[in-house]
Amino acid sequence: MEELALFARLTLALLFLTAAWSKLSHYEEHLAVLANYNLLPRALVKPFSLLEALAEIVVGLLLLLGLFAFWGELGAMLLLVMYTLAVGINLLRGRSEINCGCGGAVGSHKLSWWLVLRNVGLLAVSSWLLQSPALIGSVQGLVNGMSFAETFGGATSVVLLLTVFELLLLYSANQIGALRTRISELLSE
């Protein structure tokens, strides 16, 4: 069970870290996406975007390292609730043709109830992690007196490889989806 919790924790960590990277590397585009949600006054869009990226980095690092994982998991839940509410509010307003601004390993998509469902699923995973913390593969395991071999050996290596493979699959699927969209746009011109 600890292996599954480690896989879930690392998956969430990589989702948040790649999302922050994407938002910061395409910063002007991300500002436009945030403004398009019409949830914040224009003057707050830029400060919010920086706090959002910083929060994603902190949450991602806490989850990746497994240090103070409770705070990382709680932070993940709060971010996911915020994102889900923002998407849901815009869908209820009839605004499904805007970019979600998710970025990272999960890519960016138009708003949909599927996106809300995905976020609720990620929220459930975060909630489960609060109940089932894993010390393997974590700095906290070392702090709690586990040996390095117990913390990072055996099954932990397999979980790390599976997580990297998962990230590559998500990235590939997003690239194929973007290519399919671009081909459809070119054919319709």
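Anything mentioned here points back to the structure above.
Conventions adopted
Residues numbered from 1 in each chain as written. Predicted model: local features only at pLDDT ≥ 70, side-chain atom pairs only at ≥ 80, totals over all residues. Heavy atoms only, no water. 1 Å grid on protein atoms, 1.4 Å probe; cavity = no way out; pocket = protein on both sides within 12 Å on 5 of 7 lines; lining within 4 Å. Points joined across faces, edges and corners; volume = space filled by probe spheres on them. Helix = DSSP H or I, 4+ residues; strand = E, 2+ residues; numbered from the N terminus. Nonpolar A, V, L, I, M, F, W, Y, C, P; charged D, E, K, R; others polar. Salt bridge = Lys/Arg side-chain N within 4 Å of Asp/Glu carboxyl O. Buried < 20%, exposed > 50% of the residue type's maximum accessible area, 1.4 Å probe, protein only. Patch = residues over 30% accessible without salt bridge, like charges linked within 9 Å, V, L, I, M, F, W, Y side chains within 5 Å. Areas by Shrake-Rupley, 256 points an atom, 1.4 Å probe, with all protein chains shown as cover. Phe/Tyr/Trp six-rings, centres within 6.5 Å; stacked < 30°, edge-to-face > 60°.

Caption draft 1: Local environment of empty space enclosed by the protein. Throughout the structure, instances matching the rule amount to one cavity of 30 Å³ or more. When its volume is computed, the largest cavity comes out at roughly 30 Å³. Lining of the largest cavity is provided by Thr11, Leu14, Leu15, Thr163, Glu166, Leu167 and Leu170. The set of elements that each furnish at least two residues to the lining of the largest cavity consists of helix 1 (2-25) and helix 8 (155-188). When its residues are assigned to classes, the lining of the largest cavity shows four nonpolar, two polar and one charged.

Caption draft 2: Up close: the pattern of salt bridges. The final tally for this structure, using the stated rule, is two salt bridges. Between lysine 23 and glutamate 52 there is a salt bridge, with the nearest N and O atoms lying 3.1 Å from each other. On the criterion of sequence distance, the pair formed by lysine 23 in helix 1 and glutamate 52 in helix 3 (residues 42-65) is long-range, its members being 29 residues apart. Residue lysine 23 shares its accessibility class with glutamate 52, and that shared class is buried. Take lysine 23: its relative accessible area is 5%, and that puts it in the buried class. One continuous salt-bridge network, built from bridges that share partners, spans Lys23, Glu52 and Glu56.

Caption draft 3: Region of the structure containing a nonpolar patch on the surface. On the surface, Leu39, Leu40, Leu44, Val81, Leu85 and Ile89 cluster together into a nonpolar patch covering about 460 Å² of accessible area. Broken down by element, the residue count for the nonpolar patch peaks at three residues, all from helix 4 (residues 69-92). One can find valine 81 in helix 4.

Caption draft 4: A look at the environment of valine 45. Among the secondary structure elements, valine 45 is positioned in helix 3. The exposure class assigned to valine 45 is buried, which follows from its relative accessible area of 6%. The spatial distance from the C-alpha of valine 45 to the C-alpha of leucine 34 is 6.5 Å, given a sequence separation of eleven residues.

Caption draft 5: Region of the structure containing the layout of surface pockets. The volume enclosed by the largest pocket comes to roughly 440 Å³. What lines the largest pocket is a set of 27 residues, and nearest its centre among them are Lys23, Glu52, Glu56, Tyr83 and Cys100. Contributing elements (two or more residues each) for the lining of the largest pocket: helix 1, helix 2 (27-36), helix 3, helix 4 and helix 5 (113-131). Residues of the lining of the largest pocket, tallied by class, amount to 19 nonpolar, four polar and four charged. Taken as a whole, the second largest pocket spans an internal volume of roughly 350 Å³. For the second largest pocket, the lining is made up of 16 residues, of which Ser22, His26, Glu29, Gly103 and Ser108 are closest to its centre. Mapped by element, the contributors of at least two residues to the lining of the second largest pocket are helix 1 and helix 2. At four residues, the largest contribution of residues to the lining of the second largest pocket is made by helix 1. Among the residues making up the lining of the second largest pocket, the classes are represented as two nonpolar, eleven polar and three charged.

Caption draft 6: Quick look at the packing of aromatic side chains. Under the definition given, this model contains one aromatic pair. Both rings, one in phenylalanine 70 and one in tryptophan 71, keep their centres 5.0 Å apart while their planes meet at 85 degrees; by these two values the pair is edge-to-face.

Caption draft 7: Geometry of the environment of glutamate 150. Secondary-structure assignment places glutamate 150 in helix 7 (residues 148-152). When the C-alpha atoms of glutamate 150 and glycine 137 are compared, they prove to be 8.7 Å apart, with 13 residues separating the residues in sequence.

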